[in-house]
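# Structural overview for review
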Amino acid sequence: MRKLLFESLFQRPFTETAPSLDDAAVAEIATALGERARRKLGRSLSIREVDAGSCNGCELEIHALSNPYYDIDRFGLRFVASPRHADVLLVTGPVTKNMADALKATYDATPSPKWVVALGDCAKDGGCFAGSYAVVGGVAQVIPVDLHIPGCPPPPLQILKGLLALLDQAASAPAPR
């Protein structure tokens, strides 16, 4: 124990280098997303995140959207606590049997127009959890999905690009459910 303590006092901490993202690219995508949301909805885009049984990898990337680097609030995108205030349901993870009814109730509580985004590989088809006795399957097994953002987990920039694609798709299509 003493040896470990002394080694830790003289060792430099191990850290990873920060991702090399272009600040201008992030700002451009987020600004476009905010503008398209205001054009389509007449206000900011409200997102309700639903964890349907994930490993929390996707949640970490979603939380990164609110950190000082991405700070999506400054572009008019916000996460809401109630599905009654949401425009988008951002669903992560495979849908477990315990969460299937809750996900359906959340979908039903979301007012129209509403969109559903399945975030990550597990949300598409169950991912590595597919076939488990506790998993129903992907999000589309329980509620209709408008967009799937692939990745395990998808990085924050990919999530922003996916939401932008959703609004572009919505602008060219009739009003959703």
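Here we summarise the structure given alongside this text.

So, how was this worked out
- All residue numbers refer to positions counted from 1 along the written sequence of the respective chain.
- The predicted nature of this model means local features are confined to residues of pLDDT at least 70 and side-chain atom pairs, given and counted, to a pLDDT of 80 or more, with totals for whole chains, interfaces and linings taken over all residues.
- Heavy atoms from the whole structure form the basis of all side-chain values; hydrogens and water molecules are not counted.
- Whenever Lys or Arg places a side-chain nitrogen within 4 Å of a carboxyl oxygen from Asp or Glu, that contact is recorded as a salt bridge.
- The way it works is that DSSP assigns letters per residue, a run of H or I at least four long becomes a helix, a run of E at least two long becomes a strand, and they are numbered from the N terminus.
- Between buried and exposed lies partly exposed: a residue is buried under 20% and exposed over 50% of the maximum accessible area for its type, with that area taken using a 1.4 Å probe on protein chains only.
- A patch is a set of surface residues, each over 30% in relative accessible area and not in a salt bridge, joined within 9 Å for like charges and within 5 Å for the nonpolar side chains Val, Leu, Ile, Met, Phe, Trp and Tyr.
- All accessible areas in this document rest on Shrake-Rupley with a 1.4 Å probe, and a residue is counted as covered only by the protein chains that are shown.
- The contact definition used throughout considers only heavy atoms, calling two residues in contact when any of these lie within 4.5 Å.
- Throughout this description, the term nonpolar core refers to a set of buried Ala, Val, Leu, Ile, Met, Phe, Trp, Tyr and Cys residues connected via side-chain atoms within 4.5 Å.
- At least two DSSP bridges between two strands are needed for those strands to be called paired.
- Each axis is a line fitted through C-alpha atoms, and for a helix only the stretch in contact is used; angles between axes span 0 to 180 degrees, taken between their N-to-C directions.

### Topic: the pattern of salt bridges
This structure, assessed with the given rule, holds 3 salt bridges. Note that Asp168 and Arg36 form a salt bridge whose closest N and O atoms lie 3.1 Å from each other. Linking Asp168 in helix α6 (residues 156-172) with Arg36 in helix α2 (residues 23-41), this pair joins segments that are 132 residues apart in sequence. Looking at Asp168, the relative accessible area reads 34%, which means it is partly exposed.

### Quick word on a nonpolar patch on the surface
Taken together, the side chains of Leu5, Phe6, Leu9 and Phe10 define a hydrophobic patch exposed on the protein surface, amounting to about 480 Å² of accessible area. Counting through the fold element by element, Leu5 comes out in helix α1 (residues 2-10).

### Examining the environment of Leu103
Relative to the elements of secondary structure, Leu103 occurs in helix α4 (residues 97-109). Leu103 gets classed as buried once you look at its relative accessible area, which sits at 0%. Considered as a pair, Leu103 and Cys128 are 25 residues apart in the sequence and their alpha carbons are 20 Å apart.

### Notes on the side chain of Ser46
With respect to the helices, strands and loops of the structure, Ser46 is situated in strand β1 (residues 45-51). On the basis of relative accessibility, which here comes to 0%, the residue Ser46 falls in the buried class. Other than its neighbours up to four places away in sequence, Ser46 contacts Arg78, Val80, His85, Ala86, Asp87 and Val88.

### Quick look at the nonpolar core
Core analysis: the largest hydrophobic core is formed by 29 residues, its most contacted members being Leu33, Leu45, Val88, Val117, Leu119, Leu160 and Leu163. Broken down by secondary-structure element, the contributors of at least two residues to this core are α2, β1, α3 (57-64), β3 (88-92), β5 (115-119), β7 (147-149) and α6. Broken down by element, the residue count for this core peaks at 8 residues, all from α6. Ignoring sequence-local partners within four residues, the contact set of Val117 consists of Val88, Leu89, Leu90, Val91, Leu147, Ile149, Leu163 and Leu166. Judged by nonpolar contacts, the second largest core, of 13 residues, contains Ala52, Leu103, Ala118 and Ala123.

### Let's talk about the sheet that holds β5
Read from one edge of the open sheet, 5 strands run β2-β1-β3-β5-β7, paired in parallel fashion. Each edge of the open sheet is held by one strand with a lone partner, namely β2 (77-79) and β7. Each adjacent strand pair in this sheet contributes to an overall mean axis angle of 25 degrees, direction not counted. Relative to β5, β3 runs parallel, the two being bridged by 5 bridges. Paired with Val88 across the two strands is Trp115, which belongs to β5. Across the sheet, α3 lies against β1, β2, β3 and β5, angled at about 140 degrees from β3, the strand it touches most.

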